[in-house]
Structure formats: C-alpha cells, structure tokens
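Read off the chains here:
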Amino acid sequence: MMVSALIEREQASSAFPVRNGVFIAVVGPSGAGKDTIMAYARDRFASEDSVEFVRRVITRPSDGATEDHDTLTEPAFIEAEARGAFALSWEAHGLRYGIPASVDATITDGRVAIANASRGAIPALRARYENVAVVEITARPEILAERLSARGRESREEVLARLARASAVELSGAGVSTIDNSGGKEIAGERFVAIIRKAIAFADVGRF
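Here, residues in each chain are numbered from 1, in the same order as that chain's written sequence. Given that this is a predicted model, residues contribute local features only at a pLDDT of at least 70 and side-chain atom pairs are listed and counted only at 80 or more, while totals for whole chains, interfaces and linings are drawn from all residues. Hydrogens are left out, water is left out, and the side-chain values use all remaining heavy atoms of the structure.

Participant: Just to check I follow, could you spell out the packing of aromatic side chains for this structure?
Facilitator: Working definition: an aromatic ring pair is given by the centre-to-centre distance plus the angle between the planes. Between rings of Phe, Tyr and Trp, where Trp is taken as its six-membered ring, a pair exists when centres lie within 6.5 Å; planes separated by under 30 degrees are stacked, by over 60 edge-to-face, and by other angles tilted. Taken as a whole, this structure holds three aromatic pairs when the rule is applied. A ring pair is formed by Phe 23 and Tyr 129, whose centres lie 5.3 Å apart and whose planes are at 10°; its orientation type is stacked. Placement of the pair is Phe 23 in strand 1 (residues 22-27) and Tyr 129 in the loop between helix 5 (122-128) and strand 8 (132-138), with a sequence separation of 106 residues. With respect to class, Phe 23 is no different from Tyr 129; both count as buried. Relative to Tyr 97, the ring of Trp 90 has its centre 5.8 Å away and its plane inclined at 10°; by these criteria the two rings are stacked. Taken individually, Trp 90 and Tyr 97 each receive the classification buried, so the pair is uniform in this respect. Strands here mean DSSP runs of E at least two residues long; helices mean DSSP runs of H or I at least four residues long; both are numbered from the N terminus. In this scheme, a residue with accessible area under 20% of its type's maximum is buried, one over 50% is exposed, and one in between is partly exposed, where area comes from a 1.4 Å probe on protein chains only.

Participant: When you look at the nonpolar core in this model, what are you seeing that I'm missing?
Facilitator: Generally speaking, a soluble globular protein has its nonpolar side chains buried in company with each other. If you look at the biggest cluster of nonpolar residues, it comprises 28 residues, and the most contacted ones within it are Ile 24, Val 51, Phe 53, Val 112, Ile 114, Phe 192 and Ile 196. Those elements giving two or more residues to this core turn out to be strand 1, helix 2 (34-44), strand 2 (51-53), strand 7 (112-116), strand 8, helix 6 (141-151) and helix 8 (185-205). The biggest single contributor to this core is helix 8, with eight residues. The nonpolar core is taken to be a set of buried Ala, Val, Leu, Ile, Met, Phe, Trp, Tyr and Cys residues, with the residues joined through side-chain atoms within 4.5 Å.

Participant: What exactly am I supposed to notice about the environment of Asn 20 here?
Facilitator: With respect to the helices and strands, Asn 20 occurs in the loop between helix 1 (5-11) and strand 1. Between the C-alpha atom of Asn 20 and that of Phe 202, which follows or precedes it by 182 residues, the distance is 9.0 Å. Among all residues touching Asn 20, those that are not within four sequence positions of it are Ile 107, Thr 108, Gly 110, Asn 131, Phe 202 and Ala 203. Residues are treated as being in contact if the distance between any of their heavy atoms lies within 4.5 Å.

Scope: geometric values only; no functional claims are made or implied.
Here's what the structure looks like:
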C-alpha cells in the first residue's frame, strides 16, 4: 500500500502537524467487526459535538452491508486528490481510500475525529496530526475465519490470505490500543467508548 506522494509533500509544510484535537484511527482485520463497534460508539456519541465519525471516500460502491461511505470512480478520485480534497489518501486491496480535508478543521478545533484506516497509513497520519490514537479491533483467528466465510464472498484460500495480510504489518508506537471483539459487541463497544472519552478529555487538557 502506498500513501499518495501529493499528501506526503503537503505534510512537509509548516502547517503540519495539525494540533489541538485527536485523530482516532480504527484498524483491524476483515471480520473483526470494526464497522459494528464504530456504529455502537456513534450511537453513544450521537448528541455530542466533540466527536466526529468521519465518512470516508472509497472507489467502491456502497452496498449497505459494509461501511457507509461516499463513492467516487477512480478517475474522479484522482482528480479530487489532485485538487486537495483529502487530508490523507492511500491504496489498498485494489481500491483508493480518502479522508476528507475537512478533518483538519475538526482537529484544529480541538475535537476528536474517528475513522476507519489501514495499518500502512498510520505513519502518514502520525506525521499529519500531532495526536493520533490507534485502536486495533480484532478477534480470535477462528472467529475471524468464521465471519469471513459466512459472508460467502470469498473462497477458503482468499479468507486465509486476508488473515495473513492482517498480521503482516505490526503496530507500534505510543497511543496503540487493542480491543478483542470475539464476544458480544457491547463489551468491545464499551471499551471503545472509554478510549473516545479519554481522547475527549485529552483535547480538553492538552495531553493524551
């Protein structure tokens, strides 16, 4: 996966890193339930202006079964990227992903922005934003395999390949938390809510 060179050039300017708020990057393997846990937390913070759940732009149609996102064709995405529509963009699994440029204002305002991200994009996120928390949502291997197989979209070999890719990039550095979503969504969901509360508190006092 390669983060856009355009974004990397922008990060070299004196405007970065963007300060005040916190960017929470949610990562984890397919089948871990990232969208489910994020939806749980979104409901808990629906009435709070201090938190923004970021709607990503992806070169994939929205099917209603996975992440709710905005869709662009690949040529339209490349054009939008060139005119600075994204704070960050990257490629993974044959698709392009973009975080809207408006997130910079969210962070500057001292708020918390939460978005699904890819592991390979974490270094660029840390370069762009001063305060980045990484939340890895995962589950036991047998549960991941069961969930992926239940989708019926991939062969056994494709499922195994996905699981292998999920462990290929090791997360390190400060601000990394892991949530096991092998059980009920309320257990993992409340752990995620607690992390968001901590981020809100940090934005108020200036340390995370």
